[in-house]
Amino acid sequence: MAAANGGEARGHSAGAPADGGEASSRGAGGDDARGPRAELDRLAAGLPLRARFTEGGMGLAPTAGGVQGLLAEIVAAMVLAERDGIWSRLKICREDSCQWTYYDRSKNSSKCWCGASCGNRNKTRAYRQRRVVGSARA
Ligand SMILES: [Zn+2]
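Not measured: the values here are computed from a predicted model. (Residues numbered from 1 in each chain as written. Predicted model: local features only at pLDDT ≥ 70, side-chain atom pairs only at ≥ 80, totals over all residues.)

Take the pairing of strand S1 (residues 49-54) next. It is a general feature of regular strands that their side chains alternate between the two faces of the sheet. Sheet topology places S1 next to strand S2 (residues 57-62); six bridges connect them, and they run antiparallel. The partner of Ala 51 across the bridge, within S2, is Leu 60. Connecting S1 to the next strand, S2, in antiparallel fashion are two residues. (Pairing = 2+ DSSP bridges. Helix = DSSP H or I, 4+ residues; strand = E, 2+ residues; numbered from the N terminus.)

Below is the structure:
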């Protein structure tokens, strides 16, 4: 979570522990040296990305084009989403056959599927499985 008093961005680097030591666990995936954040940290270190300060404001921008520049732009968007507190609302649909990325606008951030079709498909599958289990017991 970003600093409560807002204002300057400080000490909130995406996934890197501020003290240089091991990071505390942040839930699924964690921050250990082999976790997804550590892997992203390694990948991001090699990207052509730098802080930019312009008349219009400040931000992160790629310093090269091509695939590396595109990846740098994606990483910059990830960092800004984390800073703005919306990263946790960017989710991947739990339906195995879908896995679309979506933005969860629900009040309590509890959406599991990208839309009604995936939710209905999942609920129907669960209902059928319960019926099979129920008929096997009878
Ligand atoms: Zn879906």
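From this point, things continue past the structure.
The terminal C-alpha atoms of helix H2 (residues 66-83), which comprises 18 residues, lie 26 Å apart, in line with the 26 Å expected from a rise of 1.5 Å per residue. Taken together, the buried positions of H2 are occupied by Ala 72, Ala 76 and Val 79. For H2, the buried positions fall inside an angular range of 60° around the axis, keeping them on one side. Buried residues in H2 make contact with S1 and S2. (Expected span 1.5 Å × (residues − 1). Buried ≥ 20, exposed ≤ 12 C-beta atoms within 10 Å, placed from the backbone. Arc of directions from axis to C-beta. Contact = placed C-beta atoms within 7 Å.)

Further remarks concern unusual backbone geometry. Even without glycine at this site, Gln 99 takes up a positive phi of about 55°. As for its placement among the helices and strands, Gln 99 is situated in the loop between strand S3 (90-92) and strand S4 (101-103). Here the phi dihedral of Ser 109 falls at roughly 55°; this positive angle occurs in a residue that is not glycine. With respect to the secondary-structure elements, Ser 109 resides in the loop between S4 and helix H3 (116-137).

Mapped onto the fold, Arg 94 is located in the loop between S3 and S4. Judged by local crowding, Arg 94 falls into the partly exposed class, with 14 C-beta atoms found within 10 Å. Sequence separation between Arg 94 and Cys 118 is 24 residues; the distance between their C-alpha atoms is 8.4 Å. Here Arg 94 is in contact with Cys 112 and Trp 113, once residues within four sequence places are set aside.

Mean pLDDT over the protein stands at 80; residues scoring 70 or higher make up 76%. Scored below 50 in pLDDT, residues 1-31 shows 28 contacts in the model against residues more than four places distant or in partner chains. (pLDDT = per-residue confidence, 0-100.)

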